[in-house]
Amino acid sequence: MGNCCESMGPQKNTYIRISLPAVCFVWQIAMVLLFGIFIRYNEEADAHWVEHKQQHNLTDIDNDFYFRYPSFQDVHVMIFVGFGFLMTFLKRYSFGGVGFNFLIAAFGLQWALLMQGWFHSLDQDTGKIYIGIENLINADFCVAGCLIAYGALLGKVSPVQLMVVTLFGITLYAVEEYIILNLLHCRDAGGSMVIHCFGGYYGLAISWVLYRPNLHQSKHNEGSVYHSDVFAMIGTLFLWMFWPSFNSAITNHGDGQHRAVINTYIALAASVVTAVAISSMFHSKGKLDMVHIQNATLAGGVAMGTSAEFMISPYGALIVGFFMGIISTFGYVIVTPFLAKSLKLQDTCGVHNLHAVPGMLGGFIAAIVAAFASDSVYSHQGLINTFDLTGEYASRTMSTQGGYQAAGTCVAMAFGLIGGAIVGLILKLPIWGDPADDNCFDDEAYWELPEEEEETIAPVLEYNNHMIQKHQDIAESNFSMEEC
Amino acid sequence: MGNCCESMGPQKNTYIRISLPAVCFVWQIAMVLLFGIFIRYNEEADAHWVEHKQQHNLTDIDNDFYFRYPSFQDVHVMIFVGFGFLMTFLKRYSFGGVGFNFLIAAFGLQWALLMQGWFHSLDQDTGKIYIGIENLINADFCVAGCLIAYGALLGKVSPVQLMVVTLFGITLYAVEEYIILNLLHCRDAGGSMVIHCFGGYYGLAISWVLYRPNLHQSKHNEGSVYHSDVFAMIGTLFLWMFWPSFNSAITNHGDGQHRAVINTYIALAASVVTAVAISSMFHSKGKLDMVHIQNATLAGGVAMGTSAEFMISPYGALIVGFFMGIISTFGYVIVTPFLAKSLKLQDTCGVHNLHAVPGMLGGFIAAIVAAFASDSVYSHQGLINTFDLTGEYASRTMSTQGGYQAAGTCVAMAFGLIGGAIVGLILKLPIWGDPADDNCFDDEAYWELPEEEEETIAPVLEYNNHMIQKHQDIAESNFSMEEC
Amino acid sequence: MGNCCESMGPQKNTYIRISLPAVCFVWQIAMVLLFGIFIRYNEEADAHWVEHKQQHNLTDIDNDFYFRYPSFQDVHVMIFVGFGFLMTFLKRYSFGGVGFNFLIAAFGLQWALLMQGWFHSLDQDTGKIYIGIENLINADFCVAGCLIAYGALLGKVSPVQLMVVTLFGITLYAVEEYIILNLLHCRDAGGSMVIHCFGGYYGLAISWVLYRPNLHQSKHNEGSVYHSDVFAMIGTLFLWMFWPSFNSAITNHGDGQHRAVINTYIALAASVVTAVAISSMFHSKGKLDMVHIQNATLAGGVAMGTSAEFMISPYGALIVGFFMGIISTFGYVIVTPFLAKSLKLQDTCGVHNLHAVPGMLGGFIAAIVAAFASDSVYSHQGLINTFDLTGEYASRTMSTQGGYQAAGTCVAMAFGLIGGAIVGLILKLPIWGDPADDNCFDDEAYWELPEEEEETIAPVLEYNNHMIQKHQDIAESNFSMEEC
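Definitions and cut-offs
- Residues numbered from 1 in each chain as written.
- Chains lettered and ligands numbered in written order.
- Predicted model: local features only at pLDDT ≥ 70, side-chain atom pairs only at ≥ 80, totals over all residues.
- Heavy atoms only, no water.
- UniProt positions renumbered as here; feature names shortened; annotations may be inferred.
- Helix = DSSP H or I, 4+ residues; strand = E, 2+ residues; numbered from the N terminus.
- Contact = heavy atoms within 4.5 Å.
- Areas by Shrake-Rupley, 256 points an atom, 1.4 Å probe, with all protein chains shown as cover.
- Least-squares fit on C-alpha atoms with pLDDT ≥ 70 in both.
- Buried area = accessible area lost by both parts, 1.4 Å probe.
- Salt bridge = Lys/Arg side-chain N within 4 Å of Asp/Glu carboxyl O.
- Polar contact = N/O pair within 3.5 Å; in protein donor to acceptor, adjacent residues only side chain to side chain.
- Nonpolar A, V, L, I, M, F, W, Y, C, P; charged D, E, K, R; others polar.
- Patch = residues over 30% accessible without salt bridge, like charges linked within 9 Å, V, L, I, M, F, W, Y side chains within 5 Å.
- Expected span 1.5 Å × (residues − 1).
- Bend = angle between axes of the 7 residues up to and from the residue.
- Core = buried A, V, L, I, M, F, W, Y, C linked by side-chain atoms within 4.5 Å.
- Buried < 20%, exposed > 50% of the residue type's maximum accessible area, 1.4 Å probe, protein only.
- pLDDT = per-residue confidence, 0-100.

Under an unreviewed UniProt entry, the name given to chain A is Ammonium transporter Rh type C 2-like, and the source organism is Nothobranchius furzeri. On record in UniProt, under Subunit (unreviewed entry), the comment for chain A is "Homotrimer." Comment text from UniProt for chain A, heading Function (unreviewed entry), reads "Functions as an ammonia transporter. May play a role in the elimination of ammonia in the gill."

Below, the structure is given as structure tokens:
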């Protein structure tokens, strides 16, 4: 036993009794202080609303809350149950999948409220960030970027490292989002660019820096069991079902939300059918692979993130979903193994195929759709409304807008790759309590586990011992007989 | 091994590597073409809305989206998680239960948008189908009929057959819906008739035609294990909780949706209590059976499908739920085994007890409730509003309406039985890759499975081998000693 | 075998074939009769609405249904999936956890509609209770109190006892709610006092009276297995995600709902981070304990129940969540074992740490927040609106209001403790079919179970028998050889 450990070099230490509580407390206390200094309710959530609405002749239903709350709750489910359960597929890492997802999302959304607040909702006069339901949705979106990155790192990092990934991830997200949405004035309601493309490449870059040459030592745990695959389907389905809410949550009231839902619903349906087709084609007897069903079926939703609010038309959405299901499944079958070998890129959940590539393609598709947008299709007012071509952007042509959309996609990718590489280097410091190569994909490292095996096997072992004892007795009696 | 196969006649072949991708691609491409030709956004989802609402003096909140979207998402969850997880109860068919449900629902809703669009939303001038949120809900409803049918076939058909079942099921549904809702001018908001009664009998008729005399050879897989029953409860509960949304999703704005929710909520509560009572009564020690809890508790929601929007009154809803819980549980205990023996009807999920019979009864109950509807209970305007007695139907008496409602139920049943029988005959062709009688209820046929058993048992086997080797050594040493 | 039973005194009998159906039928029939006498649709759910809205110049969207329905559905999910799955964590009591939760919630909500109706919605002129969506939410809330109590009793009582717990629990709830909300005129939108504090102490008092000195005989079943802990996370997450809806479901339209959502969202996020920190600190290697993650992460939501609608400010909410995560986790590590030993209090789910204490603290926190409420923070109209200081309460000062809030918390606690003690005594009667001490936490008592173990172990046993037989043969042949 000593031998096998020595041969691997110095044994890693997963002791996090000091570092994890320290990080949690320091950061949570920082959040309390910063919230105290900066964050206040916006006018629709403040008790002054009752006077405000009288002055402005509004009714309660005009409160943005009623336009966005149902979508917010759906997005919330995607973040915590969707991403969380999607990552329970590993046979011995379900606690870490759903549990660490919970931790980093809960921490990340607080930091996101601040970071996004400073960039988008800071009142210059009072120096306060005024938050409402839309800020909560955006905080959830921001967290999604980090959870996507977690998918590439699943089972190979410690919770302390994940807190670091989240802190930097949220920060990078807020900056790239500011550049893309405000400086470039792109549209990206469902975040193909700012969420999926950024989050995917961010995770991949970190994973690439943290390459583990001896990860094969954990091979026995890097797979699913029957029921863990069923658990993962809970994640898949809640993501799939609520994706229309994700892409429509912060689009324009009225036709904007309505159209984003229709487009996403249609694109996702096509992804399922083509993902099944490709999955079956690549198996010698046509059997389906759960990995594809759990992931590639969602690719249509990722790719519709930016263009869901555009007049891409129902068949346009169907075509996007059609090809994304194919490309994503193809990625799982061919590209991931190739990247693992040639690029030394260990991507546990295949976020390359589900988020990075479909997100990037979604950004470019939207650039094309935007470039061809016209008054005749959108109506004059509709075009201005959809692309927010007011103020200094009133004179921007649609082909220019398309160019900026494409540039935005590149910005997201660059932020993901460069930011991820830097964060990866930080995570290489030997202070984070990450697991050894033969200890990956195993909840044992960070969770008190119930003693399951024993329970199942106990009666068998007992029976064995009994029978073996019996035969030992016979054998020994033979032996003793001979002696006499 | 060869012997046992030969004795069953020619071995079935579950090779679907060509047929499944072919069907998926051909039909998905057909969808793209037909969507391109026919489907457009309706005015509330089109970017022209911003001009339209100004012209018509509307506000954003008047968009039908805000009246129906929360219900739509709940219905969506019922279709994919509700039906999907309800069918994971079999010990080795959870992948097929939730996975094929996913596939056929995603394909079916596309075809439903077209079929229902041609019948209900086709603009005669432009030849286009204009879709909005209500069309998405209706597409989900339409798919529900096919998923109910899947319940009767669970574990006994191939995914290719399921695609055929869905293609024809959606088609039949659209036609019977047109006859019932448009020609007979029935009300059926929650689809007791058009969804449950039709879907139930459609599945039963197919199952009856596909009767497998040697299905007992798969007996070892036709049951649940502890955790698969817990998974199925996820399906049950999401169906149960969101059924009020199902029955109210397309009812009239305002009191129509409000009342449908109350009635369904109440009926479902009563079903749970009486289903538990009957389940306990039929066990020698009063123990409960998970099959009843998973299914019969939902019967109240099925039966309230048509009358949920009527003034059936809260106690009326309670009485309906009361009897449906009893009838449905009774069906599982007595009727299903009887049908299996006498009618040779193999109904895996018991859709006869959960959908066919409660749906049919719900149709007739609604007929009676409609026949007794009066101005005093509904108010004059309320009666017209609830039963849409306008235009050519303005003079229809309520007893006539009741008669039409009853006729509609018979139409739904007839479409299910006759359509199902025909589709069943088509599915008997030996080209669909369905499993052999001893291969049913087993994901092995169509899914790449993780190797679970081995993992659990491996350490035991290893320990055994070790001990056995040891004793073999002792025994052998005895042996050799004797030899000397 | 006879011996071990005799030593425990008279064996308990879990035969409930007569009592369970009898209770279900009698009470369900009583519900039908009482609904028939008392319950009617309110004007927003009645078909007269179409005339009513014309007379009052309303539009459909003014129907309260559209302000509350999305929150209602989220609350509904918390009651059935949230509480239900949270209680599936025991290795052999998942059926009972989710199944009995389903039964008592479905029965309880009917009784709650009546009890709360008599106290709050009874029309003095007609003698009828007029119900709408808010009544359904309140009925779900009322049921939550009983489900919390079930958490303390999980695995130790029969379903018949649970029906009794529910009948009395709903009754007590309706009375204390009337005292707190109407007589004391407290605010308690999310029910820190009336739901959590009451429900927690109610369950604890019952559990205390039903103390089982020999419960250690069921020790082998009082734990989780790997997958049962993952199931429980479904419950945890749905509770956590939808808690903002819980606390905002019945608050004032507009800013009230908006603010309650923001406060709850923020408090819950902080709870997660500090619960993780404390959980890690108390393990020798810093590993996390699933019990804490499943429960203590929710404490922030419980404690924000009363003050969610107040202007506690975002950082106030963050501070509440911060300390609740700490206190609750600390409770699981230290207090529950202490109470079990010193107070003989057997609290299966630790409701003391999740509901009783955070609920009580939430009540007192709200008292302080209310006492310091001022016109400058709320605006004059906002203060009146938030605390409903109209009519006879128009002259109540805020410090008085704070005093009443604190008094309300004490009332809730007293009702829980005294009511629970009395109900506990009733449940000690030997007629309820509760399990023996060595039969607790085992679904075997009340559920027909699939035969799981056998299936997994069968092949191993077979292999063993085969190998052992072989060596027996060798040993015997040795033996016989010697004989010759």
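### Notes on the overall build of chain A
In terms of helices and strands, chain A carries 18 helices and two strands. Looking at chain A alone, contacts between residues at least 24 apart form 83% of all its contacts between residues at least 6 apart. About 15,100 Å² of surface is accessible on chain A, with carbon and sulfur atoms providing 62% of the total.

### Side note on the relation of the copies chain B and chain C
Between the two copies, chain B and chain C, the superposition gives an RMSD of 0.0 Å; the rotation angle is 120° and the shift along the axis is 0.0 Å. Within this description, the copies of the chain are treated as partners about a three-fold rotation axis. Proximity to the rotation axis, assessed at the C-alpha, singles out B:Pro70 in chain B; its C-alpha lies 3.5 Å from the axis. In this assembly the copies use different faces: only 15% of the residues contributing to the interface of chain B also contribute to that of chain C.

### Some thoughts on the interface of chain B and chain C
In this complex, chain B contributes 87 residues to the contact, which on the side of chain C involves 86 residues. Of all residues in chain B, B:Tyr226, B:His258 and B:Tyr265 give up the largest surface area on contact with chain C, accounting jointly for 12% of the area buried on that side. B:Lys287 is the partner of C:Glu444 in a salt bridge, and the nearest nitrogen-oxygen pair spans 3.2 Å. At the junction of chain B and chain C, the tally comes to 25 residue pairs in polar contact (both at pLDDT 80 or more). Of all the secondary-structure elements, those providing two or more residues to the side of chain B that touches chain C are helix H4 (65–86), helix H9 (226–248), helix H10 (255–281), helix H11 (290–295), helix H13 (314–343), helix H15 (375–378), helix H16 (380–387) and helix H18 (452–483) of chain B. For the side of chain B that touches chain C, the leading source of residues is H10(B), giving 19 residues. Of the residues assigned to the side of chain B that touches chain C, the class counts are 48 nonpolar, 30 polar and nine charged.

### Things to note about the relation of the copies chain C and chain A
Turning one copy of the chain about an axis and sliding it along that axis gives the other copy, so a rotation and a shift relate them. Once turned by 120° and shifted 0.0 Å along the axis, chain C lies on chain A with an RMSD of 0.0 Å. Residue by residue, only 15% of the interface of chain C is reproduced at the interface of chain A, so the copies engage with different surfaces.

### Re a nonpolar patch on the surface
Residues A:Met281, A:Phe282, A:Phe330 and A:Ile334 make up a contiguous nonpolar surface patch of about 340 Å² in total accessible area. Within the secondary structure, A:Ile334 sits in helix H13 (residues 314–343).

### Quick look at the UniProt feature "domain: Ammonium transporter AmtB-like" (unreviewed entry) in chain A
UniProt's feature table lists "domain: Ammonium transporter AmtB-like" (unreviewed entry) at residues 58–446 of chain A, given in the numbering used throughout. Counting secondary structure, residues 58–446 of chain A comes out at 69% helix and 1% strand; the distance between its end C-alpha atoms is 53 Å.

### Observations concerning H13(A)
Count 3.6 residues to each turn of an α-helix, and residues three or four apart come out pointing the same way. All names here are of chain A. With 30 residues, H13 extends only 38 Å from end C-alpha to end C-alpha; this falls clearly short of the ideal 44 Å at 1.5 Å per step. Considering bend angle alone, the principal kink of H13 is centred on Gly331 and spans about 50°. One or two residues past the end of H13 sits Lys344, with phi positive at roughly 55°.

### A closer look at the side chain of C:Ser328
Along the chain, C:Ser328 turns up in helix H13 (residues 314–343). Residues contacting C:Ser328, with those up to four places away along its chain left out, are C:Ala296, C:Ala299, C:Asn353 and C:Leu354.

### Comments concerning the nonpolar core
A:Phe238, B:Phe238 and C:Phe238 are the most contacted members of the largest nonpolar core, which has 498 residues in total. Setting aside its immediate chain neighbours within four residues, A:Phe238 contacts A:Val77, A:Met78, A:Val81, B:Val77, B:Val81, B:Phe238 and C:Phe238.

### Examining the pattern of salt bridges
Pairs may arise between side chains of opposite charge once their charged atoms sit close together. Evaluated as defined, the whole model comprises 27 salt bridges over all chains. A salt bridge links C:Lys53 to C:Asp60, with the shortest nitrogen-to-oxygen separation between them at 2.7 Å. Both residues of the pair, C:Lys53 and C:Asp60, belong to the buried class. Look at the salt bridges and you will find they share partners, linking A:Asp64, A:Arg68 and A:Glu134 into a network.

### Here's the deal with the environment of B:Phe38
Within the element layout of this structure, B:Phe38 appears in helix H2 (residues 19–38). Along the primary structure B:Phe38 and B:Lys128 are separated by 90 residues, whereas in three dimensions their C-alpha atoms are 4.7 Å apart.

### Some details on the confidence of the model for chain A
Residue and element names in this part refer to chain A. Mean pLDDT over chain A stands at 92; residues scoring 70 or higher make up 91%. Per-residue pLDDT stays below 50 along residues 1–9; that stretch engages in three contacts with residues further than four places along the chain or on separate chains. A low-confidence stretch, residues 453–460 (pLDDT under 50), is modelled with 16 contacts involving residues beyond four sequence positions or located in other chains. Interface predicted TM-score (ipTM) for the complex: 0.92; the corresponding pTM is 0.93.

### Notes on the interface of chain C and chain A
Contacts between the two partners involve 86 residues from chain C, matched on the other side by 88 residues from chain A. When the two sides are added together, the surface that chain C and chain A hide from each other amounts to roughly 7,600 Å², 74% of it contributed by carbon and sulfur. It is C:Tyr226, C:His258 and C:Tyr265 that lose the most area in chain C upon contact with chain A, and together they represent 12% of the buried surface on that side. Applying the counting criterion to the chain C and chain A interface returns one salt bridge. If you look at where chain C meets chain A, you find 25 residue pairs in polar contact (both at pLDDT 80 or more). Of all the secondary-structure elements, those providing two or more residues to the side of chain C that touches chain A are helix H4 (65–86), helix H9 (226–248), helix H10 (255–281), helix H11 (290–295), H13, helix H15 (375–378), helix H16 (380–387) and helix H18 (452–483) of chain C.

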